[in-house]
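Overview (structure and organization)
Chain by chain, the residues:
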Amino acid sequence: MKEVFKSIDTQSLVDKVEDSLIALLHQRKLKVGDSIPKELELAAALGVSRTVVREALMRLRMMGLIDTKKKKGAVITSPDIFGNLAKSLNPYILSDDTLKEIFEIRLVLEVGMADLLFSHVTDADIKELKEIVKNEPLSAKHRMFEASYEIAFHGKLYQITKNETLKKFQGLLLPIFDFVEKSSIFKPIAGAQKFTSHKQLITILEKGTPEEFRNGMRSHLENHFARLRLNKGGK
């Protein structure tokens, strides 16, 4: 019994030291490549054993916040935030509420990316988008877009933004979108309404304005927004 309580207490202490170390990084405004204090110094400052400090540092190392360099000891590194996030974004272990909120993030991102698109789009991009949707019907009335068109078209839009973080984030979220679409998380709507097609969005991107594209994308995603409203009302 004593061993059990000792284990719980030690674990709690490591958690506290981990939080303290992260706070230290912020307070000292340490940058990538900067060295952090030695284990002995940290242990003395925090009033804990080196074993506790070592375990807390190991956690930071696993998160990609620090690394060990020869002659420098532990130094600050730039973490792979998407690598860490990817380990948690498993749709089978996320709650329905979390899945809904992640789905909402996709809608917000795509309606809001208009200015980035207009700042970076090229004639070659327009040509590639047209190639992606050349076999897609102009009017998508009373049905949702096919997944193959959605993935290819919207994936290309993320590429056009030239925002690497946005592209990586979209890559992580794609499995969530697909899972939600195929699940029963959202109640189906009775008859999808007519909305702006991919081809119409390309025309706006080629000849229109960011504001027109925002409105067009909002219309394009209207059936998704309608499902959100329906499910919110059903709570």
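Let me begin by describing the structure that accompanies this report. (Residues numbered from 1 in each chain as written. Predicted model: local features only at pLDDT ≥ 70, side-chain atom pairs only at ≥ 80, totals over all residues. Heavy atoms only, no water.)

**A word on the overall build of the chain**
Quick note on the threshold: Secondary structure elements follow DSSP: runs of H or I of four or more residues count as helices, runs of E of two or more count as strands, with numbering from the N terminus. By definition, residues are in contact when any of their heavy atoms lie within 4.5 Å. Computed with the Shrake-Rupley method and a 1.4 Å probe, the accessible areas treat only the protein chains shown as cover for residues.
Assigned secondary structure in the chain consists of twelve helices and two strands. Along the chain, helices and strands appear, N-terminal first, in the series α-α-α-β-β-α-α-α-α-α-α-α-α-α. Sequence-distant contacts in the chain: of pairs separated by 6 or more residues, those separated by 24 or more amount to 72%. When the accessible surface of the chain is split by element, carbon and sulfur atoms take 56% of a total near 14100 Å².

**Re the pattern of salt bridges**
For clarity, the cut-off: Salt bridges are defined as contacts in which a side-chain nitrogen from Lys or Arg sits within 4 Å of a carboxyl oxygen from Asp or Glu. Each residue's exposure class comes from its accessible area (1.4 Å probe, protein chains only) as a fraction of the maximum for that residue type: buried when under 20%, exposed when over 50%, partly exposed otherwise.
Taken as a whole and assessed by the stated rule, the structure comprises 15 salt bridges. Between Asp125 and Lys156 there is a salt bridge, and its shortest N-O distance comes to 3.0 Å. Within this pair, whereas Asp125 is found in helix H7 (residues 123-132), its partner Lys156 is found in helix H8 (residues 147-160), the two being separated by 31 residues in sequence. Asp125 sits in the buried class, given a relative accessible area of 8%. One salt bridge in this structure joins Glu128 and Lys156, with 3.0 Å as the shortest N-O distance. Separated by 28 residues along the polypeptide, Glu128 in helix H7 and Lys156 in helix H8 bring together distant segments of the chain.

**Digging into the packing of helix H5 (residues 96-112) against helix H9 (residues 164-182)**
Just so we agree on the cut-off: For every element, the axis is a line fit to its C-alpha atoms; helices are fit only across the contacting stretch, and the angle between N-to-C directions ranges from 0 to 180 degrees. With respect to orientation, any angle under 35 degrees is reported as roughly parallel, any angle over 145 as roughly antiparallel, any angle of 65 to 115 as roughly perpendicular, and every other angle as oblique. Crossings are assigned a handedness: left-handed for a near helix turned anticlockwise from the far helix by less than a right angle, right-handed for a clockwise turn. Ten residue types, Ala, Val, Leu, Ile, Met, Phe, Trp, Tyr, Cys and Pro, are classed as nonpolar, four, Asp, Glu, Lys and Arg, as charged, and the remainder, Gly among them, as polar.
Running from N to C, H5 and H9 point in directions that differ by 125°, and their axes come no closer than 9 Å. What the angle tells us is that H5 and H9 run oblique. Crossing hand, H5 versus H9: left-handed. Along its contact with H5, which presents Leu99, Ile102, Phe103, Ile105, Arg106 and Leu109, the element H9 presents Leu166, Phe169, Leu173, Ile176, Phe177, Phe179, Val180 and Glu181. Broken down by class, the residue content of the contact of H5 with H9 amounts to twelve nonpolar, no polar and two charged.

**Remarks on the packing of aromatic side chains**
The condition that has to hold: Note on aromatic pairs: the rings of Phe, Tyr and Trp (six-membered ring only in Trp) are paired at centre separations within 6.5 Å, and the planes decide the class, stacked below 30 degrees, edge-to-face beyond 60, tilted for the rest. The rule for a charge over a ring is simple: NZ of Lys or CZ of Arg within 6 Å of the ring centre, and within 35 degrees of the ring normal.
According to the stated counting rule, one finds four aromatic pairs in the structure shown. Seen in terms of ring centroids, Phe82 and Phe169 are 6.3 Å apart; in terms of plane orientation they differ by 50°. Their pairing is tilted. Placement of the pair is Phe82 in helix H4 (residues 81-86) and Phe169 in helix H9, with a sequence separation of 87 residues. Given a relative accessible area of 13%, Phe82 falls into the buried group. We note Arg106 situated over the ring of Phe177; from NZ or CZ to the ring centre the distance is 5.5 Å.

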